[in-house]
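What follows is each chain in one-letter form.
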Amino acid sequence: MSAADAFADVLGCPLCHGPLPQVEDGSLSCAACGTRYPVTDGLADLVPPEPGQAETPNIRIMESRLLARVYERAWRPVLTRLLTGMSHDAERAWSLDWLDPAPDATVLDLACGPGNTTRTIAAAVPAGRVLGIDFSTAMLREALADVRAARATVGYVRGDAHRLPLQPGSVDAANCAGAFYLFSDPPRVLAGIAAALGPGGHFTLMASQQPRVDGAAMAALARPLGLRVYAHGEMERLLVDAGFDILDRQLAGFMLLLATRRR
Ligand SMILES: C[S@@+](CC[C@H](N)C(=O)[O-])C[C@H]1O[C@@H](n2cnc3c(N)ncnc32)[C@H](O)[C@@H]1O
Ligand SMILES: [Zn+2]
């Protein structure tokens with residue numbers, strides 16, 4: 001079953017959040033505003049047909065097919081160990097513990113990359129669904145090609161975190177690991193996640209955090225590269241402002257793991 005079918009009650013127009021039924025030519029058409037979104041080789045492209053906020057140099061790097069291919073086996077495990085001191089498996093286990101999805105839950109994995117965490121979550125919701133959304137077609141093609149993801153419960157669509165292609169209150173829990181450093185407008189992304197989650201829904205994330213020593217200098221160095229290193233406490237404040245209560249925080253090297261619940 002395609003993501004468009006399996007997530008028909010979840011996917012929404014990124015412009016107006018109306019439902020997106022599939023029409024005769026195979027594209028998805030917003031029932032409210034009429035905007036059409038193409039589906040190519042099974043991948044729905046739900047990035048609005050207008051200049052987006054995601055067009056940064058980093059996004060172009062994430063479009064590299066080579067990076068997409070080596071990401072899960074090499075890039076992510078090595079970087080995670082260097083930046084956090086923990087293993088990617090331990091990090092995913094922590095997120096899953098706090099996501100705590102019911103077996104039939106619908107879970108969002110935002111900026112899912114090649115599906116490395118999407119598949120971990122899928123194993124925990126045998127009667128549920130996991131939707132991976134990412135901006136990079138190369139990453140999504142890698143995710144779709146993974147035979148381990150050939151489960152009815154997993155679907156992938158292309159979307160921009162700043163304009164989430166979701167209906168309001170359509171997901172039970174959400175995760176976003178290793179991507180907030182790439183977002184140009186984090187409050188907007190958090191507002192979108194809060195709207196997609198029902199009240200009480202859990203949201204876990206892993207974000208960068210400045211070290212106490214030389215943190216501001218590190219953030220200043222990263223800024224011209226389009227990378228955001230959050231100040232101490234900044235991410236918690238953004239989350240609280242967006243309507244989330246903080247349930248747990250784990251500082252791991254240069255990264256901060258946060259477990260939250262939508263109020
Ligand atoms: C470092 S990877 C993280 C992948 C995966 N979540 C993980 O934990 O390993 C960052 C991902 O964020 C995606 N991304 C960056 N900006 C995005 C945006 N505005 N909307 C959706 N995805 C975005 C990139 O395409 C890339 O796949
Ligand atoms: Zn619409």
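First, a word on scope: everything that follows refers to the structure included in this document. It should be emphasised that the depicted structure is a prediction, and the values quoted were computed from it without experimental measurement. (Residues numbered from 1 in each chain as written. Chains lettered and ligands numbered in written order. Predicted model: local features only at pLDDT ≥ 70, side-chain atom pairs only at ≥ 80, totals over all residues. Heavy atoms only, no water.)

Spatial strand order, β3-β4-β7-β6-β5-β8-β9-β11-β10: nine strands in an open sheet with mixed pairing. In the strand order of this sheet, the two ends are held by β3 (39-40) and β10 (244-252), each with one partner. Bridge count between strand β9 (residues 197-208) and strand β11 (residues 255-262): seven bridges; the pairing is antiparallel. Among the inter-strand pairings, Phe 203 is bridged to a residue of β11, identified as Thr 260. (Pairing = 2+ DSSP bridges. Helix = DSSP H or I, 4+ residues; strand = E, 2+ residues; numbered from the N terminus.)

Along its 12 residues, helix α4 (residues 88-99) runs 16 Å from first to last C-alpha, staying within 8% of the 16 Å computed at 1.5 Å per residue. The complete set of buried residues in α4 reads His 88, Glu 91, Arg 92, Trp 94, Ser 95 and Leu 99. Buried residues of α4, viewed axially, fall in a sector of 155 degrees; they line one side. Of the exposed residues in α4, those oriented more than 90 degrees away from the buried face are Asp 89 and Asp 97. After α4 finishes, the residue Asp 100 shows a positive phi value of roughly 45 degrees. (Expected span 1.5 Å × (residues − 1). Buried < 20%, exposed > 50% of the residue type's maximum accessible area, 1.4 Å probe, protein only. Arc of directions from axis to C-beta.)

We now examine helix α3 (residues 65-84). Taking the largest bend as the criterion, α3 deviates by roughly 90 degrees, centred on Tyr 71. Taken together, the buried positions of α3 are Leu 67, Ala 68, Tyr 71, Arg 76, Thr 80 and Thr 84. Phi turns positive one or two residues past the end of α3, at Gly 85, with a value near 80 degrees. (Bend = angle between axes of the 7 residues up to and from the residue.)

A few words on the pairing of β10. Of the strand pairs in this sheet, β10 and β11 are connected by eight bridges, and their pairing is antiparallel. Bridge pairing in β11 links Phe 244 to Arg 262. What sits between β10 and β11 in their antiparallel hairpin is a turn of two residues, with Gly 253 showing a positive phi close to 60 degrees.

In this section: unusual backbone geometry. Of note in the backbone geometry, Asp 41 takes a positive phi value of approximately 45 degrees without being a glycine. Along the chain, Asp 41 falls in the loop between β3 and β4 (43-45). Residue Asp 41 is classed as exposed on the basis of its relative accessible area, which comes to 67%. A positive phi angle, near 45 degrees, is found at Asp 100, a position not held by glycine. One can find Asp 100 in the loop between α4 and β5 (106-110). Taking the relative accessible area as the measure of exposure, Asp 100 reaches 56% and is therefore exposed.

Around ligand 1, 23 residues are found, and the nearest of them are Tyr 71, Arg 76, Ala 111, Asn 116 and Asp 134. Within the backbone of Ala 111, a nitrogen or oxygen atom sits 2.6 Å from a nitrogen atom of ligand 1. Bound to the protein, ligand 1 loses 98% of the 600 Å² it would expose on its own. Those elements that place two or more of their residues in the shell around ligand 1 are α2 (57-62) and α3. Looking at side-chain class alone, the shell around ligand 1 contains 14 nonpolar, six polar and three charged residues. (Near = heavy atom within 4 Å. Polar contact = N/O pair within 3.5 Å; in protein donor to acceptor, adjacent residues only side chain to side chain. Areas by Shrake-Rupley, 256 points an atom, 1.4 Å probe, with all protein chains shown as cover. Nonpolar A, V, L, I, M, F, W, Y, C, P; charged D, E, K, R; others polar.)

Take the state of the cysteines next. Scanning the model with the defined rule gives zero disulfides in all. For Cys 112, which is in no disulfide, the shortest distance to another cysteine sulfur is to Cys 176 and amounts to 9.8 Å. (Disulfide = S-S within 2.5 Å.)

Within β9, nine of the 12 residues are buried, leaving the element largely enclosed by the surrounding structure. Across six bridges, the pairing between strand β8 (residues 171-177) and β9 is parallel. Residue pairing in the sheet places Ala 173 in a bridge with His 202 of β9. A crossover links β8 with its parallel partner β9, the connecting element being helix α7 (residues 186-196), and its sense is right-handed. (Right-handed = clockwise from strand over helix to strand, strands pointing away.)

Running from N to C, α4 and helix α5 (residues 116-124) cross one another at 45 degrees; their axes reach a closest spacing of 10 Å. Considered as vectors, α4 and α5 are oriented oblique to each other. As α4 packs across α5, the resulting crossing turns out to be right-handed. Each of His 88, Arg 92, Leu 96 and Leu 99 in α4 lies in contact with α5, whose residues at this interface are Asn 116, Thr 117, Thr 120, Ile 121 and Ala 124. (Axes fitted to C-alpha atoms, helices over the stretch in contact; angles between N-to-C directions. Parallel < 35°, antiparallel > 145°, perpendicular 65-115°, else oblique. Left-handed = near helix turned anticlockwise from the far one by under 90°. Contact = heavy atoms within 4.5 Å.)

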